[in-house]
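Coordinate inspection notes
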Amino acid sequence: MSQRQLAMVMDLNKCIGCQTCTVSCKTQWTNRNGREYMYWNNVETYPGEGYPKKWQELGGGFDEAGDLKAGVVPSLQGEYGVPWDYNHDELASGAAFKPHVDPKWGPNWDEDEGAGDFPNDNYFFYIPRICNHCTNPGCLSACPRDAIFKRDQDGVVLVDLDRCQGYRYCIAGCPYKKIYFNPRISKSEKCILCFPRIEKGLPPACAQQCVGRIRFVGFLDDEEGQVYKLVKKFKVALPLRPDYGTESNVYYVPPTEAPPKFDASGKIIEGSERIPPEVLEKLFGKEVHEAARTLRAEMKKRKETGESELMDLLIAYKHEDMFRLDGNYYAEYAKSKGMPVIKPVDERYLSGKFTAKMTFFTKGAHA
Amino acid sequence: MKTFKTIMMLVSLLGLNSLMAQSLNALHVKEDLSKVSLTSPLWQKAKAQSVEVYPQTTIEMNDAELVRANEANLAKILHVKTLSDGKSVAFLLQWKDKTKSLQTVQSTTDYSDGFAVQFSTANDKLPYIGMGSENRAVIVHLQKATGTIFEPNNSGDVYHQVNTSNQNTFAKELTSYKNEVAKQGSGDYQRAFIAEGFRSMTQIRDNAEPSLMEMKYDKGMWSALLVRPLKSEHLSLQDSFPVAFAIWDGEKKNRDGSKLLSAWVGVSLDAKAKALALLDEVKGDASNGETLMMENCSACHQYKTVKNAPNYMAPNLSNIGGYANASYLKESIMEPSAVVVPGYNLNAHKNFLWYTSDEKGVRTSTMPPFAHLDEKSVNDLVAFMKTLKVEVEK
Ligand code: SF4
Ligand code: SF4
């Protein structure tokens, strides 16, 4: 376990599915060299099969006894979909516009489809997904090479590319399928929570760029922080699929504000819930009902009295209020713990540490 | 069961558990081996000897498809030819594989066939067969049948990238970069590693353990070559030394510990060399060993049809007789913490820990030492454990 944990809260009531987060991540980290198909951040429509396709059915995570469950490594052809290009260059000479492969699946394939009968009871909402930087990561547990590590300073889960041999057990072990295989370099890669940015006091790109301002970032033990208050104090932010047992550190304020249902004559059915409660329970656990009650009660309170700390938090009047990061945190923290000050880019992530001229191991120096 | 017992008793009484170590005799040649290839006529002079390789079943990995594909795995025969010129040693390995599997750059689920040859840096005690053990490091030469693979510069460097959209500024540099990448960025996947126990395996990149490797697939048969010096920075191979082999079948999603591996076998560089005593088998009553195993071991270990113990409680011993040497089995009975197979990360087994691990990563087995057993019982147990292995594929 890491000594502190950085976490993200996403308010699903505010996500507009614009994919700005996806694009900010893609252009920053994963636009080339075998990462073409990777979406460290993706936003999927729920109900929907997601990315990779049917990820919730591909196994991984832990069983009730705490043992790792077997999982499946998704295929590029079937579950991710082969990324495609168009024949832009040929268009000028009159060719028809066409993709270079026959697309079968991709991120956002079933965008906005949802479920139910329009306009009576149809519904959908968006779920943006990144690596959850789990407290008990399935990916880390499954790696036989100890190539995945969780940083002490902030609990960020990273792959040491020098140790990774491309075995892909991590991918089978992550129930969220948020770790990807790069076939060009034969190594696994994943969301790094923009650690080079957070070490400078900047939020991850997906959070900073978010148009709907749905993302809060801060340390879980920072009692003054929004993340602490949403997760621990008000308990309205919940992990996705807590039954996977990985103890995720990305939390979601569940979507509660869908319109009511209409009856056959088009009249509002009082007290109806368009998003079935059992759907939310599957995604966020039993706690979702209490979270929804709290949210509604606070909304009511706000309406009646004009006061609600929770509503003020969720409205997030000022953008910078959403991020509790400090440019000096990493240096100060390291000093206080007698640890070496982290370099702008984590050294363990760079080549060098394991590539120096070999000397024999010293006793007990390795796990 | 009864017939099995009778057979076992006969086997042990007849002393078929050979007491002598298996030994590969290297043919001495005058030619310089550092230039030998798979097709070299030198190989025609050498006699092939067989080495059995068994499916690794000590721990089960968490890839559901891999587990399914390997359920009914049998052992295979490796045909091994060995040459030495006094400076280098060369191995030619051949084995049957119905499918040629390569890892490609267009797939997330392809795995390649491959092979590895493992050497021990310690000459007095055997390292653990898989990854070596504390103070008993192993050197592993590995080749995967990837064909030519692409890396930005073919030296494991994944960091230096040039954004190809920036043509205005970098057009010229990009062209020369691309040419350079095309020139350097494709080669076979060959690696040398050093390991001193699980999770310590580290790639050797400074050519301190140089080698020549080659793989070729023809008509359902892989041929693989390794040539390396007898003396190098970490190794000094003399007269007789232990070596171990492993092969991977990409079709069955093999990689890492999911492979077929041999026990340590001896290599003699000249016919007069003494066989290695540390590879000696033991003489024991396997039938009594079976009873002892049931009484002492089956509450924690699963093996073959005996599955009294819950999953993950302790390493599975179903093929232990195929890839473990008697000395290792003895050591593990008397001193379980000498080598601790880590299984999955500790996070995965909250209920049954087969070992604990301190902050320095030193593992202590939860198995108590069985040093109270008398010598005969230990030998009987080991004799039985040596029978625990699947059949060899026809
Ligand atoms: S979400 Fe998946 S990849 Fe990320 S830490 Fe958890 S198990 Fe690992
Ligand atoms: S940028 Fe924000 S609002 Fe837009 S899809 Fe991403 S999380 Fe949702």
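Treat the numbers as computed from the prediction; the structure is a model and nothing was measured.

1. Focus: the side chain of A:Gln5
Residue and element names in this part refer to chain A.
- Tracing the chain through its elements places Gln-5 in the segment before strand E1 (6–11).
- In terms of polar contacts, Gln-5 uses its side chain to reach the backbone carbonyl oxygen of His-133, at 3.4 Å.
- Within the structure, the side chain of Gln-5 is placed 2.9 Å from the side chain of Lys-150, a separation counted as a polar contact.
- The contact partners of Gln-5, leaving out residues within four places of it in the chain, are His-133, Thr-135, Lys-150, Asp-154, Gly-155, Gly-218, Phe-219, Leu-220 and Asn-249.

2. Description of the site of ligand 1
- With respect to spatial proximity, 13 residues lie near ligand 1, and among them A:Cys131, A:Asn132, A:Cys134, A:Cys139 and A:Cys174 are the closest.
- Broken down by class, the residue content of the shell around ligand 1 amounts to eight nonpolar, three polar and two charged.

3. Focus on a nonpolar patch on the surface
Residue and element names in this part refer to chain A.
- Taken together, Tyr-86, Leu-91 and Phe-97 make up a surface patch of nonpolar side chains, about 280 Å² in accessible area.
- Relative to the helices and strands, Phe-97 is located in the loop between helix H3 (88–91) and strand E3 (125–129).
- Of the residues examined, Phe-97 reaches a relative accessible area of 49% and is grouped as partly exposed.

4. Quick notes on the packing of helix H5 (residues 286–296) of chain B against helix H8 (residues 375–385) of chain B
Residues and elements named next belong to chain B.
- Packing of H5 against H8 leaves a shortest axis separation of 7 Å and a crossing angle of 95 degrees. Taken together, the axes of H5 and H8 lie roughly perpendicular to each other. Where H5 approaches H8, its residues Ala-286, Asn-288, Gly-289, Glu-290, Leu-292 and Met-293 are matched on the opposing element by Lys-376, Ser-377, Asp-380, Leu-381, Ala-383, Phe-384 and Met-385.
- By residue class, the composition of the contact of H5 with H8 is seven nonpolar, three polar and three charged.

5. Remarks on the packing of helix H7 (residues 326–334) of chain B against H8(B)
All names here are of chain B.
- Where H7 meets H8, the closest approach of the two axes is 10 Å, and the angle between their N-to-C directions is 125 degrees. For the element pair H7 / H8, the angle class is oblique. Seen from above, H7 lies across H8 with right-handed handedness. On H8, the residues touching Ala-326, Leu-329, Lys-330, Ile-333 and Met-334 of H7 are Val-378, Asn-379, Leu-381, Val-382 and Met-385.

6. Topic: the pairing of strand E5 (residues 88–96) of chain B
Residue and element names in this part refer to chain B.
- Along E5, seven of the nine residues are buried, which leaves the element largely enclosed by surrounding structure.
- Relative to E5, strand E4 (residues 76–84) runs antiparallel, the two being bridged by six bridges. Bridge assignment links His-79 to a residue of E5, and that residue is Gln-94.
- Where E4 folds back onto E5 in an antiparallel hairpin, the turn is made up of three residues, including Gly-86, whose phi is positive at roughly 90 degrees.

7. Topic: the domain arrangement of chain B
Residues and elements named next belong to chain B.
- We note that the domain assignment places domain 1 (20–150 + 185–275) and domain 2 (286–385) within chain B.
- Put simply, the middle of domain 1 and the middle of domain 2, counted by C-alpha atoms, are 26 Å apart.
- Between domain 1 and domain 2, the contact holds 21 residues from the first and 21 residues from the second.
- Both faces considered, domain 1 and domain 2 share a buried interface measuring about 1,900 Å² in area, 57% of it formed by carbon and sulfur atoms.
- For the domain 1 face of the interface with domain 2, the top three residues by lost area are Thr-58, Phe-198 and Arg-199, together amounting to 30%.
- Between the two partners, domain 1 and domain 2, sit two salt bridges.
- For Glu-331, the salt bridge goes to Lys-125, with nearest N and O atoms at 3.8 Å.
- Linking domain 1 with domain 2 are seven residue pairs in polar contact (both at pLDDT 80 or more).
- Class assignment of the residues belonging to the side of domain 1 that touches domain 2 gives a composition of eleven nonpolar, six polar and four charged.

8. Some details on the confidence of the model for chain A
- Overall, the prediction assigns chain A a mean pLDDT of 90, with 93% of residues at 70 or greater.
- A low-confidence stretch, residues 349–367 of chain A (pLDDT under 50), is modelled with 57 contacts involving residues beyond four sequence positions or located in other chains.

9. Describing the packing of aromatic side chains
Residues and elements named next belong to chain A.
- Applying the stated criterion across every chain, the model contains 25 aromatic pairs over all chains.
- Both rings, one in Tyr-329 and one in Tyr-333, keep their centres 5.3 Å apart while their planes meet at 35 degrees; by these two values the pair is tilted. With a gap of four residues between them, Tyr-329 and Tyr-333 both fall in helix H12 (residues 329–337), about one helical turn apart. When sorted by exposure, Tyr-329 lands in the same class as Tyr-333, which is buried.
- The rings of Tyr-37, Tyr-39, Tyr-51, Tyr-80 and Tyr-180 are connected pair by pair, giving a single aromatic cluster.
- Note that Arg-129 overlies the ring of Trp-55, its terminal NZ or CZ placed 3.7 Å from the centroid.
- Over the ring of Phe-262 we find Arg-274; its NZ or CZ atom is 5.4 Å from the centre of that ring.

Calculation notes
Residues numbered from 1 in each chain as written. Chains lettered and ligands numbered in written order. Predicted model: local features only at pLDDT ≥ 70, side-chain atom pairs only at ≥ 80, totals over all residues. Heavy atoms only, no water. Helix = DSSP H or I, 4+ residues; strand = E, 2+ residues; numbered from the N terminus. Polar contact = N/O pair within 3.5 Å; in protein donor to acceptor, adjacent residues only side chain to side chain. Contact = heavy atoms within 4.5 Å. Near = heavy atom within 4 Å. Nonpolar A, V, L, I, M, F, W, Y, C, P; charged D, E, K, R; others polar. Patch = residues over 30% accessible without salt bridge, like charges linked within 9 Å, V, L, I, M, F, W, Y side chains within 5 Å. Areas by Shrake-Rupley, 256 points an atom, 1.4 Å probe, with all protein chains shown as cover. Salt bridge = Lys/Arg side-chain N within 4 Å of Asp/Glu carboxyl O. Buried < 20%, exposed > 50% of the residue type's maximum accessible area, 1.4 Å probe, protein only. Axes fitted to C-alpha atoms, helices over the stretch in contact; angles between N-to-C directions. Parallel < 35°, antiparallel > 145°, perpendicular 65-115°, else oblique. Left-handed = near helix turned anticlockwise from the far one by under 90°. Pairing = 2+ DSSP bridges. Domains from an automatic or database assignment. Buried area = accessible area lost by both parts, 1.4 Å probe. pLDDT = per-residue confidence, 0-100. Phe/Tyr/Trp six-rings, centres within 6.5 Å; stacked < 30°, edge-to-face > 60°. Lys NZ or Arg CZ within 6 Å of the ring centre and 35° of its normal.

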